[in-house]
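Fold and contact review
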Amino acid sequence: MTTAPAETEKRRLSGRLGPVGIVFMVVAAAAPLTVIGGNMPLAMGLGNGAGAPVGFVIAALVLLVFSVGFVTMTPHVPAAGAFFSYVTVGLGERMGKGIAVVALIAYTAIQIGIYGYIGWAISDTVAHYHGPVIAWPVYSFIVLVIVAVLGYRHIELSAKVLGVALALEIGIVVVLDAVMVAKPGPAGVTFTSFAPATFTQGTLGIAILFALTGFIGFEATAVFRDEARDPEQTIPRATYAAVIIIGAFYAITVWAFVVAVGPDQVATVAQKTLAGEGNMLLDTTGDMLGIVGRDIVNVLLLSSLFACVLSFHNVIARYQFVLAGKGLLPARLATVHDDHESPSFSSLVQTATAAIIVALLAILGIDPLVGVFGSMAGVATVGMVLLMLTTSVAVLVFFLRNRELGTDHLWTTRIAPALAVLGLLGSLWLVLSNFTLVTGGSATLSTVLAAIPFLGLVVGFVAWRPSRALSAN
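Residues numbered from 1 in each chain as written. Predicted model: local features only at pLDDT ≥ 70, side-chain atom pairs only at ≥ 80, totals over all residues. Heavy atoms only, no water.

Bringing the overall build of the chain into the picture now. Assigned secondary structure in the chain consists of 19 helices and 0 strands. Residues counted as buried form 57% of the 473 residues belonging to the chain. Sequence-distant contacts, at least 24 apart, represent 83% of the contacts inside the chain between residues at least 6 apart. Counting every atom, the chain has about 17,900 Å² of accessible surface; 68% of that belongs to carbon and sulfur. (Helix = DSSP H or I, 4+ residues; strand = E, 2+ residues; numbered from the N terminus. Buried < 20%, exposed > 50% of the residue type's maximum accessible area, 1.4 Å probe, protein only. Contact = heavy atoms within 4.5 Å. Areas by Shrake-Rupley, 256 points an atom, 1.4 Å probe, with all protein chains shown as cover.)

Written out as structure tokens, the structure reads:
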């Protein structure tokens, strides 16, 4: 049973999520094992080889600087909704609505991409163990149904499921990292990755690009504001913790692979993975942990993808819920389930939307990796960088307009947001100038895909109409 739309104005989502629970959601969305299996070979093979760990460190630093202004503005943004709410407060309703459209496009795109990836991965795994050959959409829809059930219920159930999956995922990688360092390759335990002569070889920008895509979803801490135990403390702690944990996890693990394979060989091994002549993650795991360890990592890669798609389902459902409560989407989407205290109808609509898009892609015969995952990840990456850039501008403008709020905190209200704007402008240039590497498609297709988030911003901006609900919040 759900509350009537008219009652929604008096109700909000509720919960007692602490920093740990929210961090589970956010780190799960980042899908760390998936990033190590996919983004790492790309950063090494197409980027700067053994210097790839530095790309992940730089990406983490950019996002940490972004987070400074983001969390400083949090007490002045009482509504959930992450980027939409921050941009609305800082730059006005018109730009806020444009960003809301960009956010929905970006989150939906990455979720659809993961559905394609997990469908392919399950099908490939079953075939590897001599099971029946079943088309990827079948597995994608099975996962979609499970996600629908969990997403419909209270958020704490999803948090528990994600917590277990994430603990296993990170646990096996920590073990793998330790073994790789204990059993180094021909160069021994080396820190040459962090030497300027190493990380400036090749293209450091490409390594940063693929590192950035591995952080998609970290800002979702603010989306769970209404379900947090103490938002003003929980959200900042969860945001900083998420960026630091994700960044450290990536950088240390990528460095451990350099140690295990050897700095002189790692780029070649990564390029063979990209050419389909091996699997850097699974092959190295097999060498270090044996067949059993390889099988465990393969299974946990699937759980990583599942945790990722469940996390994004919850984020999108709550984004729709917030936008509906502010009059930007149909009011029915802002209903709250009486028993589960979840955005149940929004969750159902999100499930239906994903099902329709996945079905359409399947009917068109789109390849699940290059066509579905590659293209959708590309759209999401452009959207995410655009969202963070606009949010940083909003933070800077807000504190410049309200000078009395930041006179004693120039670093958090002026300097950090300005540096974030510069860093994110550079990141956006890196993404757009190397976009064909992200999508794996032609220049024409890549241009069309890259334009989608910008078109969404324009549509939302132009279609804006004054909203009493927005003004009231």
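Don't stop here, the text continues.
With that settled, the discussion passes to the packing of aromatic side chains. Applying the stated criterion across every chain yields a total of 13 aromatic pairs. Pairing Y107 with F312 gives two aromatic rings, centres 6.1 Å apart and planes at 40 degrees, and the pair type is tilted. In this pair, Y107 is assigned in helix 6 (residues 93-128) and F312 in helix 13 (residues 280-325), connecting sequence segments 205 residues apart. Counting every residue linked through ring pairs, the aromatic cluster contains F56, F215, F249 and Y250. Over the face of the ring belonging to F461 we find R94, whose NZ or CZ atom lies 5.1 Å from the ring centre. The lysine or arginine in question, R332, covers the ring of F345, its NZ or CZ lying 4.1 Å from the ring centre. (Phe/Tyr/Trp six-rings, centres within 6.5 Å; stacked < 30°, edge-to-face > 60°. Lys NZ or Arg CZ within 6 Å of the ring centre and 35° of its normal.)

This next bit is on the packing of helix 3 (residues 32-48) against helix 12 (residues 266-274). Interhelical geometry of helix 3 versus helix 12 gives an angle of 115 degrees and a closest axis separation of 8 Å. Along this stretch, helix 3 crosses helix 12, giving a crossing that reads as left-handed. On helix 12, the residues touching P41, L42, M44, G45 and L46 of helix 3 are V266, A267, A270, Q271, T273 and L274. For the contact of helix 3 with helix 12, the class distribution of residues is 8 nonpolar, 3 polar and no charged. (Axes fitted to C-alpha atoms, helices over the stretch in contact; angles between N-to-C directions. Left-handed = near helix turned anticlockwise from the far one by under 90°. Nonpolar A, V, L, I, M, F, W, Y, C, P; charged D, E, K, R; others polar.)

Approximately 1,200 Å³ is the volume found for the largest pocket. The wall of the largest pocket is formed by 46 residues, among which G37, G38, Y117, L369 and F373 lie closest to the centre. Looking at the lining of the largest pocket, the elements that each hand over two or more residues are helix 2 (19-30), helix 3, helix 6, helix 10 (204-213), helix 12, helix 13, helix 15 (368-401) and helix 17 (435-439). Considered class by class, the residues forming the lining of the largest pocket number 27 nonpolar, 17 polar and 2 charged. (1 Å grid on protein atoms, 1.4 Å probe; cavity = no way out; pocket = protein on both sides within 12 Å on 5 of 7 lines; lining within 4 Å. Points joined across faces, edges and corners; volume = space filled by probe spheres on them.)

So, about the pattern of salt bridges. Scanning all chains against the criterion turns up 1 salt bridge. Residue R294 pairs with D283 through a salt bridge whose shortest N-O separation is 3.7 Å. A relative accessible area of 22% places R294 in the partly exposed class. (Salt bridge = Lys/Arg side-chain N within 4 Å of Asp/Glu carboxyl O.)

Chain-level statistics for the chain give a pLDDT mean of 84 and a share of 86% at 70 or above. This model gives residues 1-10 a pLDDT under 50, and the stretch forms 20 contacts once residues within four places in sequence are excluded. Below pLDDT 50 for its whole length, residues 469-473 participates in 10 contacts with residues either more than four positions away or in separate chains. (pLDDT = per-residue confidence, 0-100.)

Turning next to a nonpolar patch on the surface. There is a patch of nonpolar side chains on the surface, built from L410, W411, I415, L419, L422 and L425 and spanning about 590 Å² of accessible area. Residue L422 is classed as exposed on the basis of its relative accessible area, which comes to 59%. (Patch = residues over 30% accessible without salt bridge, like charges linked within 9 Å, V, L, I, M, F, W, Y side chains within 5 Å.)

A few words now on empty space enclosed by the protein. All told, the structure shown has 1 cavity of 30 Å³ or more when counted by the stated rule. Approximately 70 Å³ is the volume found for the largest cavity. Taken together, 11 residues make up the lining of the largest cavity; nearest its centre are L212, I216, M384, V385 and M388. Elements with a contribution of two residues or more to the lining of the largest cavity: helix 10 and helix 15.

By secondary structure assignment, the location of V181 is in helix 8 (residues 155-182). A sequence separation of 72 residues divides V181 from T253, and the C-alpha atoms of the two residues are 10.0 Å apart. Aside from chain neighbours lying at most four places away, what touches V181 is V189, W255, A256 and V259.

A separate point is helix 18 (residues 443-462). The end-to-end C-alpha distance of helix 18 is 28 Å, a good match for the 28 Å that 20 residues give at a rise of 1.5 Å each. Elements in contact with the buried residues of helix 18: helix 6, helix 15, helix 16 (410-433) and helix 17. (Expected span 1.5 Å × (residues − 1).)

This brings us to the side chain of S375. Looking at where S375 falls in the secondary structure, it is placed in helix 15. If we ignore the near neighbours within four places in the chain, the residues touching S375 are V370, T439 and L449.

Okay, the nonpolar core next. Side chains of nonpolar character tend, in soluble globular proteins, to be buried together. One finds M44, F83, Y107, Y250 and Y319 to be the most contacted residues of the largest nonpolar core, which totals 139 residues. Among the elements that take part in this core, helix 13 stands out by supplying 21 residues, more than any other. (Core = buried A, V, L, I, M, F, W, Y, C linked by side-chain atoms within 4.5 Å.)

Now for the environment of T203. Mapped onto the elements of the fold, T203 is located in the loop between helix 9 (196-199) and helix 10. Taking the C-alpha atoms as reference points, T203 and G47, separated by 156 residues in sequence, lie 4.6 Å from one another. Beyond its immediate sequence surroundings of up to four residues, T203 is in contact with L46, G47 and N48.

All right, on to helix 12 then. Where helix 12 is concerned, the buried positions are V266, A270 and T273. Along the axis of helix 12, the buried residues cluster in a sector spanning 55 degrees; they form a single face. Two residues or fewer after helix 12 comes G276, characterised by a positive phi angle close to 80 degrees. (Arc of directions from axis to C-beta.)

A separate point is unusual backbone geometry. Notably, H130 is not glycine yet its phi reads approximately 65 degrees, a positive angle. Position of H130 among the secondary structure elements: in the loop between helix 6 and helix 7 (136-152). Given the relative accessible area of 76%, H130 is considered exposed.

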